[in-house]
Amino acid sequence: QVQLGESGGGLVQAGGSLRLSCAASTRIASIKAVGWYRQAPGKQRELVALSTSGSSTNYADSVKGRFTISRDNAKNTVYLQMSSLKPEDTAVYYCKLDTWAPYVYWGQGTQVTVSS
């Protein structure tokens, strides 16, 4: 079973920045897709950013221009760089890996709280 270790969440003021990390216990260089999702209290989980094996990316409209998903294949780690954070970005953020096997793996989530 693939293990995903998420880190980087915390409390930040509006306008600040955070970088989330997702360290995988498997190679991610040719994995089907990696993505970041978030779930705020009382809301549905939503896709925030997606990166495919071809390095194409998609972002939710609410985060375009502010968030960037990236990979360090040598470290088997996925990142979500978040800038210009807004209170509405407050949520638990989850890393998701889709493999070619196919299998889906989820991280445990990391809390991001943005104060006004």
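Look above for the structure.
Remember, it's a predicted structure, so these values are computed and weren't measured experimentally. (Residues numbered from 1 in each chain as written. Predicted model: local features only at pLDDT ≥ 70, side-chain atom pairs only at ≥ 80, totals over all residues. Heavy atoms only, no water.)

Participant: Sorry if this is basic, but what is going on with the pattern of salt bridges here?
Facilitator: Two side chains with opposite charge may pair up if their charged atoms get near one another. With the rule as written, the count across this model stands at 5 salt bridges. Notably, a salt bridge pairs aspartate 89 with arginine 38, separated by 2.9 Å at the nearest N-O pair. Residue aspartate 89 is found in the loop between β8 (77-82) and β9 (91-98), and its partner arginine 38 is found in strand β4 (residues 33-39); the two are separated by 51 residues along the sequence. There is no split in this pair, since aspartate 89 and arginine 38 are both buried. Notably, a salt bridge pairs lysine 64 with aspartate 61, separated by 3.0 Å at the nearest N-O pair. (Salt bridge = Lys/Arg side-chain N within 4 Å of Asp/Glu carboxyl O. Helix = DSSP H or I, 4+ residues; strand = E, 2+ residues; numbered from the N terminus. Buried < 20%, exposed > 50% of the residue type's maximum accessible area, 1.4 Å probe, protein only.)

Participant: How should the environment of arginine 38 be read in this particular structure?
Facilitator: Arginine 38 sits in the buried class, given a relative accessible area of 6%. Spatially, the C-alpha atoms of arginine 38 and serine 25 are 22 Å apart, while their sequence positions differ by 13 residues. Dropping the residues within four chain positions of it, arginine 38 is found in contact with Gln44, Arg45, Glu46, Val48, Ser62, Val63, Phe67, Glu88, Asp89, Ala91, Val92 and Tyr93. In terms of polar contacts, arginine 38 uses its side chain to reach the side chain of glutamate 46, at 2.7 Å. Of the polar contacts made by the side chain of arginine 38, one reaches the side chain of tyrosine 93; its length is 2.9 Å. (Contact = heavy atoms within 4.5 Å. Polar contact = N/O pair within 3.5 Å; in protein donor to acceptor, adjacent residues only side chain to side chain.)

Participant: What am I meant to see in the nonpolar core here?
Facilitator: As a rule of thumb, soluble globular proteins bury nonpolar side chains together. Among the nonpolar cores identified, the biggest contains 29 residues, and Trp36, Leu80, Met82, Tyr93 and Leu97 are the most heavily contacted of them. Residue assignment for this core shows that the elements contributing at least two residues are β3 (18-24), β4, β5 (46-52), β7 (67-72), β8, β9 and β11 (110-115). Apart from residues lying up to four places away in sequence, tyrosine 93 is in contact with Glu6, Leu20, Trp36, Tyr37, Arg38, Val48, Phe67, Leu80, Met82, Gly109, Thr110 and Val112. (Core = buried A, V, L, I, M, F, W, Y, C linked by side-chain atoms within 4.5 Å.)

Participant: I would appreciate a short explanation of the sheet that holds strand β1 (residues 4-7) in the present structure.
Facilitator: Sheet strands line up and pair through hydrogen bonds in the backbone, either parallel or antiparallel. Strand order in the open sheet formed by 4 strands is β1-β3-β8-β7, and the pairing between neighbours is antiparallel. The sheet terminates laterally at β1 and β7, the two strands that pair on one side only. The average angle at which neighbouring strand axes cross in this sheet is 15 degrees, direction not considered. As paired strands, β3 and β8 are joined by 6 bridges and run antiparallel to one another. Looking at β8, one finds that arginine 19 is bridged to glutamine 81. (Pairing = 2+ DSSP bridges. Axes fitted to C-alpha atoms, helices over the stretch in contact; angles between N-to-C directions.)

Participant: Would you mind showing me how to read the pairing of β4 here?
Facilitator: Within a regular beta strand, the side chains point alternately toward one face of the sheet and then the other, so they alternate between its two faces. Here β4 lies mainly inside the structure; 6 of its 7 residues are buried. Two strands pair when backbone bridges link them, and β4 and β5 are joined in this way by 6 bridges, in the antiparallel orientation. Paired with tyrosine 37 across the strands is leucine 47, a residue of β5. Hairpin connection of β4 to β5: 6 residues between the antiparallel strands, including glycine 42 at a positive phi of 75 degrees. As paired strands, β4 and β9 are joined by 7 bridges and run antiparallel to one another. Bridge pairing in β9 links tryptophan 36 to cysteine 95.

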